Amino acid sequence: MQIFKVGGAVRDRLLGKPVTDIDWVVVGATTEEMLAKGYRPVGADFPVFLHPKSGEEYALARTERKSGRGYGGFTFHASPEVTLEEDLIRRDLTINAMAEDDQQNLTDPYQGQRDLEARILRHVSPAFAEDPLRVLRVARFAARYAGLGFTVAPETLELMRQLSESGELEVLTAERSWKEISRALMEDQPQVFIQVLRDCGALKVLMPEVDALFGVPQPEAHHPEIDTGLHTLSVLEQSALHKQPLTVRWACLLHDLGKGLTPEEQWPRHIAHEHTGLKLIKAVNERFKAPKDCQELALLVGKYHTHSHRALELKASTLLELLQSFDVYRRPQRFEEFIAACEMDARGRKGLEQRSYPQAEYLRGAAKAAREVAVQPLLEKGFKGPELGEALKRERLKALKAYKENS
Ligand code: ATP
Ligand code: MG
């Protein structure tokens, strides 16, 4: 049997990038031989094994054929006769379809190295269209390597467009889609992921609520970029520049969905978009079964981001309501993430990327003032049950009034 490094490990070494996980392909072996060498099988009918020591993935060379819709609709054929070239041709992009032996001799039948040098994301063969997940994968690689100058080849974008129009994207499971979306949002330029999905018509299918923001104007005084879609891309861009976690990036993507529902007569104003957007945010959250912390933060940022921008003008009672809604006493981290997302929203505007956001410090100070109200003296005065809750609120309100006066 022969063993080759494949996929990301080869690509990233040639790019001079750190290689984290290594995928291997095994040519000329049977399942029985692999088991006899101590490799552990990963799935029942999938010819993939884990190395007994390193735990890395070793896949038998295989060919694939589409036999139905969706991911389940694939038949695999793995046998010792399948060649390396046959295995590589089923892969998504030419830059992912190179293999390397232990002497670093490159096998590159589909010109991956040429495309790597030309900074092009190009599909390997027409079989690309057999798995709709590849639309998301290409957009994700575009987000990762945009900084190196990579773009999607026009003919690949065209295939992605056909896939998006064919109805195949709808067959993707929430789990497979979320895995790609969440990884893409954590890349260096997550806004490129959304832009590429939009360019090939996939955004309209996957997140019509986000797609609808393009072409919707906002008041130029607050939004020099005017277009709500462009604003959303900038907010995402800022979230990556500021190394925000996934929860914040997800909230950034969804914070303004309500603006897509504003009747045209009201443009460029968006009265109560924070409220109208909530059901859309909920729908997108649920469509991809986003993790609970992502769902929660997106809804809270959607509902309260304008509160944050106006923080310095808020009445003490409104500040208190805000802090109570966030349960800032028990969930201080979530409030921090809210502030971060709102700051990204403020900076994700053309020409305003470097502005300061004094609201952040102000809100942190307010949270601190409210948190510092001690329960003990109230207990000592004999408050309990709901009355204790009310007394605590009164004290916090007092503390916030004092905070407002002193800042
Ligand atoms: P990453 O750095 O994100 O791990 P990767 O290229 O290693 O990138 P993996 O998901 O680990 O991506 O997959 C390893 C290889 O398997 C890819 O390089 C590609 O050749 C192939 N591959 C993975 N998923 C698909 C797919 N859906 N369609 C076609 N080829 C795929
Ligand atoms: Mg990999």
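These numbers come from a predicted model, not from an experiment.

(A) Focus on the side chain of Asn-285. By the secondary structure assignment, Asn-285 is in helix H14 (residues 278-287). At a separation of 3.3 Å, a polar atom in the side chain of Asn-285 contacts the main-chain carbonyl oxygen of Gln-295.

(B) How the structure looks around the sheet that holds strand S9 (residues 106-107). Taken together, seven strands build an open sheet; the order of strands is S3-S4-S5-S2-S1-S8-S9 and the sheet is mixed. The open sheet has two free edges, formed respectively by strand S3 (40-41) and S9, since each of these has just one partner strand. In this sheet, strand S4 (residues 48-50) lies alongside S3 in antiparallel orientation, the contact comprising two bridges. Looking at S4, one finds that Arg-40 is bridged to Leu-50.

(C) Region of the structure containing the packing of aromatic side chains. Counting across every chain of the model gives 10 aromatic pairs. With a centroid separation of 5.3 Å and an interplanar angle of 5°, the aromatic rings of Trp-24 and Tyr-58 are classed as stacked. Taken as a pair, Trp-24 in strand S2 (residues 23-27) and Tyr-58 in strand S5 (residues 57-60) lie far apart in primary sequence, 34 residues in all. You'll find Trp-24 and Tyr-58 in the same group, each marked buried. Note on Phe-141 and Tyr-145: the rings are 6.3 Å apart at their centroids and 5° apart in plane angle, and the pair reads as stacked. Of this pair, Phe-141 and Tyr-145 are both found in helix H5 (residues 133-145), four residues apart, which corresponds to roughly one turn of the helix. We classify Tyr-145 as buried; its relative accessible area is 1%. Over the face of the ring belonging to Phe-141 we find Arg-140, whose NZ or CZ atom lies 4.9 Å from the ring centre. One residue, Arg-396, lies across the ring of Tyr-329, its end atom 3.5 Å from the ring centre.

(D) Geometry of the pattern of salt bridges. Tallied over the full model, the rule gives 30 salt bridges. One salt bridge in this structure joins Lys-398 and Glu-395, with 3.3 Å as the shortest N-O distance. In this pair, Lys-398 and Glu-395 are both assigned in helix H20 (residues 385-406), three residues apart and thus about one turn of the helix distant. Linked through salt bridges whose partners overlap, the residues forming this network are Arg-62, Glu-64, Asp-87, Arg-90, Arg-91 and Arg-134.

(E) View of the pairing of S5. Both S2 and S5 contribute to a ladder of four bridges, which runs parallel. By the bridge assignment for S5, Asp-23 is matched with Glu-57. As judged from the three bridges shared by S4 and S5, these two strands associate in the antiparallel manner. In the sheet register, Phe-49 faces S5, and the bridge partner there is Tyr-58. Between the end of S4 and the start of S5, which pair antiparallel, lie six residues, with Gly-55 showing a positive phi angle near 75°.

(F) A look at the site of ligand 1. Around ligand 1 sit 16 residues in total, of which Arg-11, Asn-96, Arg-134, Arg-144 and Arg-183 are the nearest. In the model, an oxygen atom of ligand 1 is placed 3.2 Å from a nitrogen or oxygen of the Arg-140 side chain. For ligand 1, whose accessible area on its own is 580 Å², the fraction buried by protein is 82%. At the level of secondary structure, the elements contributing two or more residues to the shell around ligand 1 comprise helix H1 (8-14) and H5. In terms of residue count, the dominant contributor to the shell around ligand 1 is H5 (five residues). Here the shell around ligand 1 is built from residues that sort into one nonpolar, three polar and 12 charged.

(G) How the structure looks around the domain arrangement of the protein. As far as domains go, the protein holds domain 1 (1-110) and domain 2 (376-406). Measuring from the centre of the C-alpha atoms in domain 1 to the corresponding centre in domain 2 gives 63 Å.

(H) Structural context of the packing of helix H7 (residues 174-185) against helix H12 (residues 246-254). Following both chains from N to C, one finds H7 and H12 inclined at 100°, their axes separated by 9 Å at the closest point. With respect to H12, the axis of H7 lies roughly perpendicular. Contacts from Trp-178, Ile-181, Ser-182 and Leu-185 in H7 reach Leu-246, Arg-249 and Trp-250 in H12. A per-class count over the contact of H7 with H12 returns five nonpolar, one polar and one charged.

(I) Structural view of H20. Between its first and last C-alpha atoms H20 spans 32 Å; for 22 residues at 1.5 Å apiece the expected length is 32 Å, and the two agree. Those residues of H20 lying buried are Leu-388, Ala-391, Leu-392, Arg-396, Ala-399, Leu-400 and Tyr-403. Of the surrounding secondary structure, the elements contacted by the buried residues of H20 are helix H16 (316-325), helix H18 (358-371) and helix H19 (376-380).

(J) Quick look at the pairing of strand S1 (residues 2-6). Two elements, S1 and S2, share five bridges in a ladder whose sense is antiparallel. Looking at S2, one finds that Ile-3 is bridged to Val-26. Across two bridges, the pairing between S1 and strand S8 (residues 99-100) is antiparallel. Directly across from Val-6, in S8, lies its bridge partner Ala-99.

What counts and how
Throughout, residues of each chain are indexed from 1 in the direction in which the sequence is written. To label them, take the chains in the order written and letter them from A, then take the ligands in the order written and number them from 1. Reporting in this predicted model follows two pLDDT cut-offs: at least 70 for local features of residues, and 80 or more for side-chain atom pairs to be given and counted; totals over whole chains, interfaces and linings ignore these cut-offs and use all residues. Note: side-chain values were computed over all heavy atoms of the structure, leaving out hydrogens and water. Helix and strand assignments come from DSSP, with helices taken as H or I runs of at least 4 residues and strands as E runs of at least 2, each series counted from the N terminus. We define a polar contact as two N or O atoms separated by no more than 3.5 Å, with the added condition that, inside protein, one atom must be a possible hydrogen donor and the other a possible acceptor, whereas residues neighbouring each other in sequence contribute only through side-chain atom pairs. At least two bridges found by DSSP between two strands is the condition for calling them paired. Ring pairs shown here join Phe, Tyr and Trp side chains whose ring centres sit within 6.5 Å, with only the six-membered ring taken for Trp; geometry is labelled stacked below 30 degrees between planes, edge-to-face above 60, and tilted in between. The classification of residues rests on relative accessible area computed with a 1.4 Å probe and restricted to protein chains. Under 20% of the type maximum is buried, over 50% is exposed, and intermediate values are partly exposed. Only Lys NZ and Arg CZ are tested; either one counts as a charge over a ring when it is within 6 Å of the ring centre and within 35 degrees of the ring normal. Any carboxyl oxygen of Asp or Glu that lies within 4 Å of a side-chain nitrogen of Lys or Arg is treated as forming a salt bridge with it. Being near a molecule or strand, for a residue, means having at least one of its heavy atoms within 4 Å of it. The protein chains shown are the only cover counted for residues, whose accessible areas, like all others here, come from Shrake-Rupley with a 1.4 Å probe. In this count, Pro and Cys sit with the nonpolar residues alongside Ala, Val, Leu, Ile, Met, Phe, Trp and Tyr, while Asp, Glu, Lys and Arg are called charged and the others, Gly among them, polar. For every domain, the bounds stem from an assignment made automatically or drawn from a database. Lines fitted to C-alpha atoms define the axes, with helix axes restricted to the stretch in contact, and inter-axis angles between N-to-C directions lie between 0 and 180 degrees. Between 65 and 115 degrees an angle is taken as roughly perpendicular, under 35 as roughly parallel, over 145 as roughly antiparallel, and anywhere else as oblique. Contacts are assigned to residue pairs that have any heavy atoms within 4.5 Å of one another. By definition here, a helix of n residues has an expected span of 1.5 Å times n minus one.

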